[in-house]
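Take a look at the letters that make up each chain.
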Amino acid sequence: DTGVSQNPRHKITKRGQNVTFRCDPISEHNRLYWYRQTLGQGPEFLTYFQNEAQLEKSRLLSDRFSAERPKGSFSTLEIQRTEQGDSAMYLCASSTRLRTSDQETQYFGPGTRLLVL
Amino acid sequence: DQQVKQNSPSLSVQEGRISILNCDYTNSMFDYFLWYKKYPAEGPTFLISISSIKDKNEDGRFTVFLNKSAKHLSLHIVPSQPGDSAVYFCAASDFPGNQFYFGTGTSLTVIP
């Protein structure tokens, strides 16, 4: 399977704990995105990487959130001191844009569903 | 502020008939639009896209129409099949921007 994969698929944690999610993009994709989706809403942009560089962060990404893509391949999203409001589906997507003029399509993974008790 | 809006949370259609899903946007800088389909417990799956230089793009049973003056796009599925039952999200980008802005989704049910 050469699609985007995410682990774990589900995570239940207690408020105040730290959690880390992993995303493995499609191998030839140089761009990687993190989104959050809550019930009844569409995905909301959190941050994106081009290769290993984190180029944009949403104001939704508080200082408790950190994302890395150390070698330009897989990425991790860590949430420190989780709060009940962090309960959501966390989606990863990848794409490729070789030239500035290229359009791109983002391909999504299955998501990690987080429940903070 | 919701820049992409899908005002119909749900839609039911008989199998074989046409499904029309609508999407409105407010940002005139958006010039690339996509539709995604999402099944429960899965991530969104890309369906079809359209650039603002076009007003129609067709792929098999799926056609997307773009009306830039009205800031409106629609997805037509014909004929509808029970396997099309899913939540459909429209998304927009202010190319060459990097953010995709998603609507809240429309849940389509195709009745056999």
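See the structure above.
How each quantity is defined
Residues numbered from 1 in each chain as written. Chains lettered and ligands numbered in written order. Predicted model: local features only at pLDDT ≥ 70, side-chain atom pairs only at ≥ 80, totals over all residues. Heavy atoms only, no water. Helix = DSSP H or I, 4+ residues; strand = E, 2+ residues; numbered from the N terminus. Buried < 20%, exposed > 50% of the residue type's maximum accessible area, 1.4 Å probe, protein only. Contact = heavy atoms within 4.5 Å. Disulfide = S-S within 2.5 Å. Pairing = 2+ DSSP bridges. Patch = residues over 30% accessible without salt bridge, like charges linked within 9 Å, V, L, I, M, F, W, Y side chains within 5 Å. Areas by Shrake-Rupley, 256 points an atom, 1.4 Å probe, with all protein chains shown as cover. Salt bridge = Lys/Arg side-chain N within 4 Å of Asp/Glu carboxyl O. Core = buried A, V, L, I, M, F, W, Y, C linked by side-chain atoms within 4.5 Å. Buried area = accessible area lost by both parts, 1.4 Å probe. Polar contact = N/O pair within 3.5 Å; in protein donor to acceptor, adjacent residues only side chain to side chain.

## A closer look at the environment of Lys57 of chain A
All names here are of chain A. Relative to the elements of secondary structure, Lys57 occurs in strand E6 (residues 53-57). Judged by relative accessible area, which is 56%, Lys57 ranks as exposed. Along the sequence, Lys57 and Ser95 sit 38 residues apart, while their C-alpha atoms lie 17 Å from each other. When neighbours within four sequence positions are excluded, Lys57 is seen to be in contact with Phe45, Leu46 and Thr47.

## Some remarks on the state of the cysteines
Residues and elements named next belong to chain A. Taken as a whole, this structure holds two disulfides over all chains when the rule is applied. One disulfide bridge connects Cys23 with Cys92, the sulfur atoms lying 1.8 Å from each other. Here the S-S torsion is close to -65°, and the disulfide linking Cys23 with Cys92 is therefore left-handed. Remark: Cys92 occurs in strand E9 (residues 88-95) and Cys23 occurs in strand E3 (residues 19-24); sequence separation between them is 69 residues.

## Some points on the environment of Val116 of chain A
Residues and elements named next belong to chain A. Looking at the secondary structure, you find Val116 in strand E11 (residues 112-116). Judged by its relative accessible area of 4%, Val116 is buried. Separated by 104 residues in the primary sequence, Val116 and Ile12 place their C-alpha atoms 6.0 Å from one another. Those residues in contact with Val116 that lie beyond four places of it in its chain are Thr13, Lys14, Arg15, Thr82, Glu83, Gln84, Asp86 and Ser87.

## What about the sheet that holds strand E8 (residues 72-77) of chain B?
Residue and element names in this part refer to chain B. The strand order across the open sheet formed by five strands is E1-E3-E8-E7-E6, and the pairing between neighbours is antiparallel. Strand pairing shows two members of the sheet lacking a second neighbour, strand E1 (4-5) and strand E6 (56-59), which therefore form its edges. Here E6 runs beside strand E7 (residues 62-67); their pairing, made up of four bridges, is antiparallel. Note on E7: the bridge partner recorded for Asn57 is Val64.

## So, a nonpolar patch on the surface
On the surface, Ile12, Leu115 and Leu117 of chain A cluster together to form a nonpolar patch covering roughly 300 Å² of accessible area. Note on placement: Ile12 of chain A falls in strand E2 (residues 10-13).

## Here's the deal with the nonpolar core
With 23 residues, the main nonpolar core has Phe33, Trp35, Leu73, Leu75 and Tyr88 of chain B as its most contacted residues. Counting only elements with at least two residues in this core, the list comes to strand E3 (19-25), strand E4 (32-38), strand E5 (45-51), E7, E8, strand E9 (86-93) and strand E11 (106-111) of chain B. Considering every element that reaches this core, the biggest residue donor is E9 of chain B, with four residues. In this structure, Val4, Ile26, Leu61 and Cys92 of chain A belong to the second largest nonpolar core, which totals 19 residues.

## Side note on the pattern of salt bridges
All names here are of chain A. Evaluated as defined, the whole model comprises four salt bridges over all chains. Among the ionic pairs, Glu83 bridges to Arg64, the shortest N-O distance being 3.4 Å. Here Glu83, found in the loop between strand E8 (75-79) and E9, pairs with Arg64, found in the loop between E6 and strand E7 (65-68); they are 19 residues apart in sequence, far enough to count as distant. Residue Glu83 is classed as partly exposed on the basis of its relative accessible area, which comes to 40%.

## Here we look at the interface of chain B and chain A
Contacts between the two partners involve 22 residues from chain B, matched on the other side by 25 residues from chain A. Taking both sides of the interface into account, the surface hidden between chain B and chain A amounts to around 1900 Å²; carbon and sulfur atoms contribute 53%. Here chain B and chain A share zero salt bridges between them. Inspection of the chain B/chain A interface yields four residue pairs in polar contact (both at pLDDT 80 or more). Contributions of two or more residues to the side of chain B that touches chain A are made by E4 and E5 of chain B.

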